[in-house]
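# An overview of the molecular structure
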Amino acid sequence: MDLTTYFLNNNQTFIRKSLARNRFFVILERGAISQKALSHVLTQFQFWSNQRHTWYAVAIAKSGCKENTLSQPTLKALVSQIQHLIFGSKSDIAEQCLSYLNISASKQESENEISFSTLRYSRWFMQHFAIENRTFPEAIASLAVLELAAVHRDQLLLSNFQQQFGLSISSEHAEYYESDGYHIFEKLMEPLITHYLNEDNRLSLLEEMHDSVIAHLAYWDNLLDEAERNTKYHYG
């Protein structure tokens with residue numbers, strides 16, 4: 001098995017198991033989340049998603065650290081790919097799901113403030129990779145696995161909203177989201193696999209990727225907790 005396939009399969013298995021244990025997605029599949037709570041979770045997720053480009057900017061800044069050992073051609077290829085992601089299209093799945101909820105305009109308007117959980121998670125990447133011994137390749141791998149996690153996360157969102165709320169999405173549209181996530185994962189991982197990975201750092205890179213998935217899914221649970229408590233600690 002080549003390393004690209006190894007990293008893909010290992011992370012997909014970890015993501016699927018993590019989603020199967022995640023409280024938000026478990027309750028969503030049971031149909032036991034109120035529309036009001038779903039509105040809060042998805043609206044806050046949109047807030048985070050709309051500023052996710054700042055995470056890519058942090059990764060680019062990390063590329064200039066003295067600890068970075070990648071060659072200049074590899075660096076340029078990765079930075080170019082990240083810049084493409086910054087200005088590329090973003091998934092509108094959360095927006096589509098929100099449009100199928102029976103939530104009044106006034107209630108949706110009340111959600112238009114960033115919550116504490118979103119504020120904290122928005123800062124997670126910068127704080128996590130600000131530590132000197134965390135490397136540029138680890139930051140890239142973290143971004144790559146989040147693109148992969150988005151494929152499986154969005155598949156669950158779509159399937160549950162189709163069953164519970166009658167969401168309609170073309171198979172071509174759904175396939176685009178899926179193929180795009182896999183494509184980005186491979187584009188980001190290929191230079192690392194070719195020019196960075198060895199027996200000494202392979203497991204530590206996997207652990208870093210798993211930690212990123214754990215942090216992302218914890219964010220969804222924290223948003224659900226906020227909605228259930230109805231205490232969002234708004235920051236204007």
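Residues numbered from 1 in each chain as written. Predicted model: local features only at pLDDT ≥ 70, side-chain atom pairs only at ≥ 80, totals over all residues. Heavy atoms only, no water.

## Brief notes about the overall build of the protein
Here is the rule we go by: Helical segments are the DSSP runs of H or I of at least four residues, strand segments are the runs of E of at least two, and each set is numbered from the N terminus. Summary of the burial criterion: residues with accessible area below 20% of their type's maximum are buried, those above 50% are exposed, and those between are partly exposed, where the area comes from a 1.4 Å probe applied to protein chains only. Pairs of residues are marked as contacts when any of their non-hydrogen atoms sit within 4.5 Å. For accessible areas, the Shrake-Rupley method is used with a probe of radius 1.4 Å. Any residue's cover is judged against the shown protein chains and nothing else.
Secondary structure summary: the protein contains 12 helices and zero strands in total. Secondary structure elements of the protein, listed N to C terminal, follow the sequence α-α-α-α-α-α-α-α-α-α-α-α. Looking at the protein as a whole, 50% of its 236 residues qualify as buried. The contacts in the protein between residues at least 6 apart in sequence include a share of 88% that link residues at least 24 apart. As displayed, the protein has an accessible area near 11600 Å², and 50% of this comes from carbon and sulfur atoms.

## Topic: the pattern of salt bridges
When charged atoms on two side chains of opposite charge get close, those side chains can pair. Let me state the cut-off plainly: Just to be clear on terms, a salt bridge is a Lys or Arg side-chain nitrogen sitting within 4 Å of an Asp or Glu carboxyl oxygen.
The final tally for this structure, using the stated rule, is five salt bridges. A salt bridge links Arg 134 to Glu 208; its shortest N-O distance comes to 3.7 Å. Pair noted here: Arg 134 is in the loop between helix 9 (124-129) and helix 10 (136-165) and Glu 208 is in helix 12 (residues 202-229), with a separation of 74 residues, a long-range link. Between Glu 199 and Arg 202 there is a salt bridge, and its shortest N-O distance comes to 3.7 Å. Exposure remark for Glu 199: the relative accessible area of 63% places this residue in the exposed category. Each of Arg 23, Asp 225 and Glu 228 takes part in one network of salt bridges that share partners.

## Focus on the environment of Ser 80
Relative to the helices and strands, Ser 80 resides in helix 5 (residues 72-87). For Ser 80, a relative accessible area of 44% corresponds to the partly exposed category. On a C-alpha basis, the gap between Ser 80 and Ile 60 in space is 9.4 Å, while along the polypeptide they are 20 residues apart.

## Observations regarding empty space enclosed by the protein
The test is simple: In this analysis the probe radius is 1.4 Å and the grid spacing 1 Å, with only protein atoms considered; a cavity is a set of points the probe fits into but cannot get out of, a pocket is an open set with protein on both sides within 12 Å along at least five of seven lines, and lining residues have an atom within 4 Å of a point. Grid points are joined across faces, edges and corners, and a volume is the space filled by probe spheres set on the points. When residue character is reported, Ala, Val, Leu, Ile, Met, Phe, Trp, Tyr, Cys and Pro are called nonpolar, Asp, Glu, Lys and Arg charged, and the others, Gly included, polar.
Enumeration according to the criterion identifies one cavity of 30 Å³ or more in this entry. Here the largest cavity defines a volume of roughly 30 Å³. In terms of lining, the largest cavity is formed by Trp 48, Arg 52, Trp 55, Tyr 56, Leu 143, Leu 146 and Glu 147. When contributions to the lining of the largest cavity are tallied by element, the ones reaching two or more residues are helix 4 (53-62) and helix 10. Of all the elements, helix 10 adds the most residues to the lining of the largest cavity, at three residues. Across the lining of the largest cavity, the residue classes break down as five nonpolar, no polar and two charged.

## Quick word on the side chain of His 152
In this fold, His 152 is placed in helix 10. His 152 sits in the buried class, given a relative accessible area of 6%. Discounting residues that sit within four places of it in the chain, His 152 has contacts with Gln 12, Ile 15, Arg 16, Leu 19 and Tyr 182.

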